[in-house]
Amino acid sequence: MSGTAYSHSRVGLFDQCPLAYRYRYLDGIADAFTTIEQHLGQVVHDVLEQAYAERSRGQAVDAGWLTAAFERLWHSPELATHRVVKRGVTPDEYRAQGLAMVGSFHDRVFAADDSETVYLERRFSLALDGAGSPVWAGVIDRLARLADGTLRLIDYKTGRSVPDPRTDRQLQSYALHVLAEQRVGQVELCYEGLRGGTSLTAPFPASQAGEVRGHLLARIAAIEAASSWPARPSILCNWCGFNPICPEAGGMKRLPRSRR
Ligand code: SF4
């Protein structure tokens, strides 16, 4: 295997559409556009990062602080360049969704959260299997230490579905790094579903690390063994940044309003 860096999003793109994977990672083609959903997700993540950083500096952070931070970050100079795919939905409706997410998170979690922030938005990479092995990379939204000493590895989700931390590989793979870095025998995985207001948690003991590592290595081996990258058209083509150059993307219908 090569020493190439892989990530949850890279492996996920191969599963979603091998041709899109080829465009981005093998041909080095940049996405033709970014979407309003990407902007929404980035702004919400930035607000929560800044809120916890401010609190760690001893400053008071209330719901109004989060709202003001969201408004400041939302109205970036690039706002008008983000593509709104869903017909009939305005950027302001996405702004309202984001405000609802950070407001709800404040009331449901942040206001009473007395955990210690270990770090925020931390990039990491680790060799999966010795010298020359593939590197696994990611960004940890927040690592927190709870009052009882438990380390909680947190990932924010702004989409409609929230992964099950007992089975989803993203945080499990991030836990490989935290277990080694913090020299602990277990971490708690937590997906914060910001849209629906759900917190899903599960313990991840070091005894599961080998199985996860083996799964990642097998997935990477399958990707590196690929000799063709077929298009896999779906409704997601409408959000794909390679849509303008993709011969398979034509004919996709935009979402009717009733299915949003
Ligand atoms: S437009 Fe659709 S088929 Fe084409 S690369 Fe993107 S996701 Fe794949």
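Here the residue numbering is sequential within each chain, running from 1 through the sequence in written order. Totals for whole chains, interfaces and linings use all residues, but because this is a predicted model, local features are given only for residues with pLDDT of at least 70 and pairs of side-chain atoms are given and counted only at 80 or more. With hydrogens and water excluded, all non-hydrogen atoms of the structure serve as input to the side-chain values.

This brings us to the overall build of the chain. In this text, helices come from DSSP runs of H or I with a minimum length of four residues, and strands from runs of E with a minimum of two, each type numbered from the N-terminal end. Regarding its fold elements, the chain presents seven helices and six strands. What you see in the chain, going N to C, is helices and strands ordered as β-α-α-α-α-α-β-β-β-α-β-β-α. Only the C-alpha atoms count toward the radius of gyration. The rule for a globule is 2.2 Å times the residue count to the power 0.38. Relative to the compact-globule value of 18 Å for 260 residues, the chain shows a C-alpha radius of gyration of 20 Å, a close match. Within the chain, buried positions represent 42% of all 260 residues. Residue burial considers only the protein chains on display, and all accessible areas are found by Shrake-Rupley using a 1.4 Å probe. When the accessible surface of the chain is totalled, it reaches about 12800 Å², and 51% of it is carbon and sulfur. When the 30 positive and 29 negative side-chain charges of the chain are each reduced to one mean point, those points stand 6 Å apart. The buried label applies to any residue whose accessible area, calculated with a 1.4 Å probe on protein chains only, is under 20% of its type's maximum; exposed applies above 50%, and partly exposed to all values in between. A positive count includes Lys and Arg, and a negative count includes Asp and Glu. His and the chain ends are not counted in either. By convention, charge coordinates are those of NZ in Lys, CZ in Arg, CG in Asp, or CD in Glu.

Within the secondary structure, S7 is located in strand β1 (residues 5-7). Polar contact criterion, stated in full: a pair of N or O atoms within 3.5 Å, where within protein one must be able to donate a hydrogen and the other to accept it, and residues adjacent in sequence count only if both atoms are side-chain atoms. From its side chain, S7 meets the backbone nitrogen of R10 in a polar contact 3.1 Å long. Contacts of S7, omitting those with residues within four sequence positions, involve W136 and A137. Only heavy atoms enter the contact rule, under which two residues are in contact if any of them lie within 4.5 Å.

Counted as salt bridges are all cases of a side-chain nitrogen of Lys or Arg within 4 Å of a carboxyl oxygen of Asp or Glu. Summed over the entire model, instances satisfying the criterion amount to 14 salt bridges. Between R22 and D27 there is a salt bridge, with the nearest N and O atoms lying 3.4 Å from each other. Residue R22 is classed as partly exposed on the basis of its relative accessible area of 34%. Close ionic contact of R95 with D92 constitutes a salt bridge, the shortest N to O distance being 3.0 Å. With R95 and D92 both in helix α5 (residues 91-108) and three residues apart, the pair spans about one turn of that helix. You can call R95 buried: its relative accessible area is 19%. For D92, a relative accessible area of 44% gives the class partly exposed. Beyond isolated ion pairs, a larger network of salt bridges with shared partners links E71, D92 and R95.

The next subject is the site of the ligand. Around the ligand, the neighbouring residues are C17, A20, A231, P233, C237, C240, N243, C246 and A249. Lys, Arg, Asp and Glu make up the charged group, whereas Ala, Val, Leu, Ile, Met, Phe, Trp, Tyr, Cys and Pro make up the nonpolar group; the residues left over, Gly among them, are polar. Among the residues making up the shell around the ligand, the classes are represented as eight nonpolar, one polar and no charged. Summary of the distance rule: residues count as near a molecule or strand when at least one heavy atom falls within 4 Å of that molecule or strand.

Okay, the pairing of strand β3 (residues 135-145) next. Bridging between β1 and β3 involves three bridges; their strand directions are parallel. Counterpart to Y6 in the pairing with β3 is W136. In this sheet, β3 lies alongside strand β2 (residues 116-127) in antiparallel orientation, the contact comprising ten bridges. Each residue of the ladder has a partner; that of L126, found in β3, is W136. Here, a strand pair is defined by DSSP locating no fewer than two bridges between the strands. Relative to strand β4 (residues 151-157), β3 is paired through four bridges, and the arrangement is antiparallel. Bridge pairing in β4 links A144 to R152. Here β3 folds back onto β4 in antiparallel fashion, the turn holding five residues, of which G149 has a positive phi close to 95 degrees.

Another aspect to go through is helix α3 (residues 36-56). Expected span, for any helix, means 1.5 Å times one less than how many residues it has. Its 21 residues place the ends of α3 30 Å apart at the C-alpha level, agreeing with the 30 Å of an ideal helix rising 1.5 Å per residue. After α3 finishes, the residue G58 shows a positive phi value of roughly 90 degrees.

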